[in-house]
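# Inside the fold
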Amino acid sequence: MKTILLNIFTRNLVLLFFMMAAPCGVWGMEPLANDSLSENTADVALAADSAAMRALSVANSVAMYADTLLADRDSVMRANEDSLQMPAKLALTEADHRMLKAKRENKLFVPDPNRALWLSLVFPGGGQIYNRKYWKLPIFYGGFLGCFYAFTWNQQMYMDYSQAYLDIMDDNPDTNSYLDMFPPSYDIDNNVERFKTVFKNRKDRFRRWRDLSAFCFVGVYLLSVVDAYVDAHLSAFDISDDLSLQLSPTAVGTPGSGNTGYGLGATLTF
């Protein structure tokens, strides 16, 4: 609406200017004679029409120029709007980039060694679950169950032989739990001293095996902790085809002595 009003105002202003200027230029001249006024009337009318046509042409030219200026102004405004919207587009692009990066990081999981260590210490096997090495869980849990079973069985045998040894060593005939170690109607009166030694040796043996089972349980626990920690460290280790080790003869010189030694050099490519 503003553009249309501006065009109409510009055309009317230019037309009014030329219509006022044309008669002044023609009628401002001194009349040559009264008898020639009628002859010049037609020329004045033609000059006025010509001036009006030129004014209209100039008005159209000015209007076109105004339209061009307005179009340029609209282009500049659109360019400014685009430049103001560019940071938002760039921010959106960076957000998309961060999202893609997060997806790649989730796809290429790299565990934290310290977290794997603490999880293994608090919960046996937790470090292997955190490292996503689930195939190791049956190995460690099998070791825990085996050590626990060995500990409980050796503990029970130790308790039985300890009680039997105590009963066979005293003089009370009512304490005869050691007879449960033999078949029914077995006579041990002639071998009491021998069985005292047997019961003592077996009691000590099962006690050692019980303690060894406890140490093995602790060993499996510590092994699970070390495995989780080391596995987390080696998860980002380069094992591609570009990793190679080459051995070749080499000469080693001692600075300042002029002596040269020969040895074997190792070149690691990664």
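Look up: the structure comes first, before these words.
Residues numbered from 1 in each chain as written. Predicted model: local features only at pLDDT ≥ 70, side-chain atom pairs only at ≥ 80, totals over all residues. Heavy atoms only, no water.

## Overview of the packing of helix α3 (residues 113–122) against helix α6 (residues 192–234)
We count it as follows: To obtain each axis, a line is fitted to C-alpha atoms, and for helices this fit is confined to the stretch in contact; angles are then taken between N-to-C directions over 0 to 180 degrees. Only DSSP runs of H or I with at least four residues qualify as helices, and only runs of E with at least two residues qualify as strands; both kinds are numbered from the N terminus onward. Angle categories: roughly parallel below 35 degrees, roughly antiparallel above 145, roughly perpendicular from 65 to 115, and oblique for all the rest. Throughout, a crossing is termed right-handed when the near helix is turned clockwise from the far one, and left-handed when it is turned anticlockwise from it by less than a right angle. Whether two residues are in contact is decided by their heavy atoms, any of which lying within 4.5 Å being enough.
As a packed pair, α3 and α6 sit with axes 8 Å apart at the nearest point and diverge in direction by 165 degrees. As far as their axial angle goes, α6 and α3 are roughly antiparallel. In the crossing of α3 with α6, the sense of the turn from one axis to the other is right-handed. When α3 is examined against α6, the residues Pro113, Asn114, Ala116, Leu117, Ser120 and Leu121 are found in contact with a partner set consisting of Tyr221, Ser224, Val225, Ala228, Tyr229, Ala232 and His233.

## Overview of the state of the cysteines
Let me state the cut-off plainly: Disulfides are defined as cysteine sulfur pairs within 2.5 Å. Each residue gets one of three labels from its accessible area relative to the maximum for its type: buried under 20%, exposed over 50%, partly exposed in between, using a 1.4 Å probe on protein chains only.
For the structure shown, the criterion picks out zero disulfides. Cysteine 147 takes part in no disulfide bond, and the closest cysteine sulfur to it belongs to cysteine 216, at a distance of 5.0 Å. Given the relative accessible area of 35%, cysteine 216 is considered partly exposed.

## What about the environment of cysteine 216?
Its place among the elements puts cysteine 216 in helix α6. For the pair cysteine 216 and glycine 146, spaced 70 residues apart in sequence, the C-alpha separation works out to 9.4 Å.

## Considerations on a nonpolar patch on the surface
Quick note on the threshold: Only residues above 30% relative accessible area that lack a salt bridge enter a patch, with like-charged residues linked at up to 9 Å and the nonpolar side chains Val, Leu, Ile, Met, Phe, Trp and Tyr linked at up to 5 Å. Computed with a 1.4 Å probe, the accessible areas rest on the Shrake-Rupley method; for each residue, only the protein chains presented here act as cover. For salt bridges, the criterion is a side-chain nitrogen of Lys or Arg within 4 Å of an Asp or Glu carboxyl oxygen.
There is a patch of nonpolar side chains on the surface, built from Trp118, Leu121, Val122, Phe123, Ile129 and Tyr134 and spanning about 660 Å² of accessible area. Among the elements that make up the nonpolar patch, the one with the highest residue count is α3 (three residues). With respect to the helices, strands and loops of the structure, phenylalanine 123 is situated in the loop between α3 and α4 (126–130).

## Considering unusual backbone geometry
Phi is positive for arginine 132, which is not a glycine, with a value near 65 degrees. Position of arginine 132 relative to the elements: it lies in the loop between α4 and α5 (137–169). The class for arginine 132 is partly exposed, based on a relative accessible area of 45%.

## Some details on the nonpolar core
Our working definition: Here, the term nonpolar core denotes a set of buried Ala, Val, Leu, Ile, Met, Phe, Trp, Tyr and Cys residues that are joined through side-chain atoms within 4.5 Å.
Of all hydrophobic cores here, the largest spans twelve residues; its members are Met157, Tyr158, Tyr161, Ala164, Tyr165, Ile168, Tyr178, Phe182, Ile188, Phe195, Phe199 and Phe206. Among the secondary structure elements, those contributing two or more residues to this core are α5 and α6. Broken down by element, this core gets its largest block of residues, six residues, from α5. In contact with isoleucine 168, not counting residues within four places along its chain, are Tyr178, Val192, Phe195, Lys196 and Phe199.

## Topic: the pattern of salt bridges
Close approach of charged atoms allows side chains of opposite charge to pair. A complete count under the given rule lists eight salt bridges for this structure. Among the salt bridges present, the one from glutamate 193 reaches lysine 196, with a minimum N-O distance of 3.4 Å. Of the two residues, glutamate 193 and lysine 196 are both situated in helix α6; the distance of three residues between them amounts to about one turn of the helix. Given the relative accessible area of 18%, lysine 196 is considered buried. Arginine 210 is paired through a salt bridge with aspartate 211; the nearest N and O atoms lie 3.1 Å apart. Taking the relative accessible area as the measure of exposure, arginine 210 reaches 17% and is therefore buried.

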